[in-house]
Amino acid sequence: MDSTSTSGSKHPPPPQSYRSRQDSVMALPGREGQELTHGSGAGKAIGVFTSGGDSQGMNSAVRAVVRMGFYLGCKVYYIREGYQGMVDGGDHIQEATWASSSGIMQMGGTVIGSARCADFRSRDGRLKAAENLVKCNITNLVVIGGDGSLTGANLFRIEWSSLLDELLEAERITPDLHQQCSHLNIVGMVGSIDNDFCGTDMTIGTDSALHRIIEAVDAIATTASSHQRAFVLEVMGRHCGYLGLVAALATEADWVFIPEWPPEAGWEDTLCNKLSAERALGQRLNIILVAEGAIDREGKSITAEMVKNLIIERLKYDTRITVLGHVQRGGKPTAFDRILGARMGAEAVLALMDAAPGTPACVVSLDGNQTVRVPLMECVQRTKAVQNAMDAKNFEEAVRLRGKSFQNNLATYRKLSKLRPPKGLCDSSGKHCVTGKKLAVMNIGAPACGANAAVRSFVRLALTKGYEVLGIHDSFDGLLYGDDDDHRIRVKSLAWTDVQSWTGRGGSLLGTKKIVASKYGMDKIAAKLKEYDISGLLIVGGFEAYHSALQMAEAREQFDAYCIPIVVIPCTISNNVPGTDFSLGADTALNEIADICDRIKQSATGTKRRLFIVETMGGYCGYLATMSGLAGGADAAYIYEEKFNITDLRNDVNHLKDKIITAGVQRGLILRNENANANYSTDFVFNLFSEEGKGTFTCRKNVLGHMQQGGVPSPFDRNYGTKMASKAVDYIIGKIEENTKEDGTVYSNSPDSAVLLGMTKRHLSFTPVQELRAETNFEQRLPKNQWWLKLRPLLRILAKHRETAYVPEGVACGVDEVEDEDNA
């Protein structure tokens, strides 16, 4: 088993439904034996502000801070216009209300404003800020901004006692206020589209900025191809190349210039030779991405204009420049950034409640799929260390300090962006490879975005290691029955160029079927694997893919053909595969649902007091309903895993009526998973709410259907699929090399040679499929333990339900622990 695997551990039983909990109890890490109940933060005041550059998702974080604060009984204040508003005081410090945080989640930017503030850099400015906070009894601050904003907040915290002493001496505050406000607690969240802050995998706004970039590149690619043009796109990233690098991976860009990886001397010749060779192979367009902070090895700037002029002068190509600029900051936040903001905002409030006098300031960060609390200044120092390494032209060290995720992105891009496999390992057709061994790849299950990115990555990276790759079209149909009615070959070698431009395409270009292996006959499949001499197999797909791999592993005693390395990459919008927190395609589907819900709610503009009931896909798995509910600010999400009855529905009707009447909320949203309950169908729920809501609100119903499977893959799914396939290639080849016999055949029947590759909390893990059997509900096609269920109480809290208990998810860790994780 891979060293990072978490399989074999005993999972706790599924969490108790929030509906059956009578005590609103919140247990915080570090407070063993101490329980916080609803309203236990009464008497405390929290200030929340955004500072520095704006980023999409900030409003979701602000909303979560306000509503989690209300849940605990705290007063929450908006500090408008960042540090400037704190210094100016007056109307800039405004008590938040429930209604004022309503309807802001889907908005880009920051509704409470952000501004640069020179005044706060002086002690006199910080003295004024302290006075203004003390007057409102604010001794807890949530700072949403970049490293400069967070560093300023930490200095403010350190000086707080002396500032209050000075205010008392000048008789600007009373002795009582001096005593009541003697300590200041600070918790930060990083809002930055550049993802340039060490100590977190993703900053709030990065995913949305990637969406803007990739939307632009996808749009430009069509016109560039029509006219055989080259396009040079300048993206943001003055000090960090994350946006450029990941966008290059996700769009199959021909070249990327980023600050941390300057090109070698003579790069001009290398670039022109590559572009020329691509055109000779029939490629009609070229895309080059340039981060605004790109430099060469001597530290000299490389600009989009320089690259354009080079291509025109050397190659005479029609070349254009597009500077995306602040477009990358604009638009509404993605589902990922909305959920990230909600999780981080709630955790920030809990971290403040957990703080004691003298507690160091922390940053709420994301490590894999785990919310963590990391020491603020430790993160700031690591971030500065990256810049120091770059200033010293130690670029390898700068890349190392960015963390393993950045390193792997860079290494994967360098391999995939080659023109062809290395000479001596494979020819351009992919049929004649030095190892003489064949790998195979197939899709099983319903189509989901990200599958094609995984297949492209697997094919190209296997070829770079000298392995031929057979593409099996139409799942087991293609393997067993060969050519189809149109005489299309369904099992064939895939060349380097065969998978060109697959990353950004939705659906399954290999073709797929929702039928498990046993339905075809295990003997027949084994015979075909032998016939094609397959030494390793990658299956990209949903629950059927996992189930088929399990059946193959369990049939090894009967059929030697299955004694080869088999890896499953989960790929389904339902996210219902055991052994992983995330499946390919789920992120794209969440964005589709969030976008549709935004449009549905927008359609009610001018229509007062309307409730929308939306049915999502997912089979028996409530992931889509729950997470899109968090992303869309839903009032409730009904799912199979959490039983509900007519009393619960009636209570939700009354809750919604009360919120509309007392809080002034004009629109409501309820999501229902398609198989949530056979009797309480979408029609039943719609009719019930329509009848019981008469006189208070009206209802509309929407069944989203297969729109959730469509569209183009999101940046997350493109990058996730690419990197997961990269790890799968290394794993399969490693197992082949370990288990090749003297006659050259491969034989491996150990459990760790038939595995599922997934992300679990903070780790990418290869887990034997046979071990996952015990964790699987085969009747409903669900994992027995699903991490996202712990977020359902957060959905209820943010919708103003009070009967809910919430267990914090954040754990404390150091920046090294975050940066050293090998996350996608």
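Here the structure is a predicted model, which means the values were calculated and not measured. (Residues numbered from 1 in each chain as written. Predicted model: local features only at pLDDT ≥ 70, side-chain atom pairs only at ≥ 80, totals over all residues. Heavy atoms only, no water.)

Draft legend 1. Up close: the environment of Gln 283. Structurally, Gln 283 can be placed in the loop between helix 8 (267-280) and strand 10 (286-291). In contact with Gln 283, not counting residues within four places along its chain, are Asp 254, Glu 278 and Gln 500. There is a polar contact of 2.8 Å between the side chain of Gln 283 and the backbone oxygen of Leu 285. (Helix = DSSP H or I, 4+ residues; strand = E, 2+ residues; numbered from the N terminus. Contact = heavy atoms within 4.5 Å. Polar contact = N/O pair within 3.5 Å; in protein donor to acceptor, adjacent residues only side chain to side chain.)

Draft legend 2. The arrangement of empty space enclosed by the protein in detail. Evaluated as defined, the whole model comprises five cavities of 30 Å³ or more. The calculated volume of the largest cavity comes to roughly 430 Å³. Those elements that place two or more of their residues in the lining of the largest cavity are helix 6 (206-227), helix 7 (242-251), helix 10 (335-354), helix 18 (586-602), helix 19 (623-632) and helix 22 (715-738). Ranked by the residues each element gives to the lining of the largest cavity, the list is headed by helix 10, at five residues. Partitioned by chemical class, the residues of the lining of the largest cavity number 19 nonpolar, five polar and four charged. (1 Å grid on protein atoms, 1.4 Å probe; cavity = no way out; pocket = protein on both sides within 12 Å on 5 of 7 lines; lining within 4 Å. Points joined across faces, edges and corners; volume = space filled by probe spheres on them. Nonpolar A, V, L, I, M, F, W, Y, C, P; charged D, E, K, R; others polar.)

Draft legend 3. Molecular detail of the sheet that holds strand 6 (residues 140-145). In spatial order, the strands read 5-4-3-6-7-12-13-27; together these eight strands make up an open sheet with mixed pairing. Looking along the sheet, the strands with just one partner apiece sit at the ends: strand 5 (93-95) and strand 27 (811-812). Across three bridges, strand 7 (residues 185-190) lies against strand 12 (residues 362-367) in parallel orientation. Bridge pairing links Val 187 to Cys 362 in strand 12. Along the sheet, helix 4 (residues 147-169) contacts strand 6, strand 7 and strand 12; its crossing angle with strand 6, the most-contacted strand, is approximately 160°. Running over the sheet, helix 11 (residues 376-391) touches strand 12 and strand 13 (370-375) and is turned about 85° from strand 13. (Pairing = 2+ DSSP bridges. Axes fitted to C-alpha atoms, helices over the stretch in contact; angles between N-to-C directions.)

Draft legend 4. Local environment of the layout of surface pockets. Empty space within the second largest pocket amounts to approximately 990 Å³. Lining the second largest pocket we find 36 residues, and of these Gly 53, Arg 116, Gly 146, Asp 147 and Gly 148 sit closest to its centre. Among the secondary structure elements, those contributing two or more residues to the lining of the second largest pocket are helix 4 and helix 11. Top contributing element to the lining of the second largest pocket by residue count: helix 4, with five residues. For the lining of the second largest pocket, the per-class residue count stands at ten nonpolar, 14 polar and twelve charged.

Draft legend 5. Up close: the pattern of salt bridges. Going through the model one piece at a time under the given rule, you end up with 37 salt bridges. Residues Arg 123 and Glu 159 are paired through a salt bridge, measuring 3.8 Å at the closest nitrogen-oxygen approach. Of this pair, Arg 123 sits in helix 3 (residues 123-135) while Glu 159 sits in helix 4, placing them 36 residues apart in sequence. For Glu 738, the salt bridge identified is with Lys 735, shortest N-O distance 3.8 Å. Here Glu 738 pairs with Lys 735, and both are found in helix 22, just three residues apart, close to one helical turn. Since its relative accessible area comes to 58%, Glu 738 is described here as exposed. A residue is classified by how much of its surface remains accessible, and Lys 735, at 10% relative accessible area, is buried. (Salt bridge = Lys/Arg side-chain N within 4 Å of Asp/Glu carboxyl O. Buried < 20%, exposed > 50% of the residue type's maximum accessible area, 1.4 Å probe, protein only.)

Draft legend 6. Seen up close, the state of the cysteines. For the structure shown, the criterion picks out one disulfide. Across a sulfur-sulfur distance of 2.0 Å, Cys 426 and Cys 433 are joined as a disulfide pair. Of note, the bridge from Cys 426 to Cys 433 carries an S-S torsion of about 110° and is right-handed in sense. For the pair Cys 426 and Cys 433, a shared accessibility class is recorded, and that class is buried. Cys 597 provides the cysteine sulfur closest to Cys 699, a residue in no disulfide bond, and the two sulfurs are 15 Å apart. The buried category is assigned to Cys 699, whose relative accessible area is 6%. (Disulfide = S-S within 2.5 Å.)

Draft legend 7. Fine view of the packing of aromatic side chains. For the coordinates displayed, the defined rule picks out 22 aromatic pairs. For the pair Phe 582 and Phe 716, a centre-to-centre distance of 5.9 Å together with 65° between the ring planes defines the contact as edge-to-face. Taken together, the positions of Phe 582 in the loop between strand 18 (566-570) and helix 18 and Phe 716 in helix 22 put the pair 134 residues apart, joining distant regions of the chain. Taking the relative accessible area as the measure of exposure, Phe 716 reaches 17% and is therefore buried. Taken together through their ring pairs, the aromatic side chains of Phe 49, Tyr 83, Phe 120, Phe 156 and Trp 160 make up a single cluster. One residue, Arg 279, lies across the ring of Tyr 317, its end atom 4.2 Å from the ring centre. (Phe/Tyr/Trp six-rings, centres within 6.5 Å; stacked < 30°, edge-to-face > 60°. Lys NZ or Arg CZ within 6 Å of the ring centre and 35° of its normal.)

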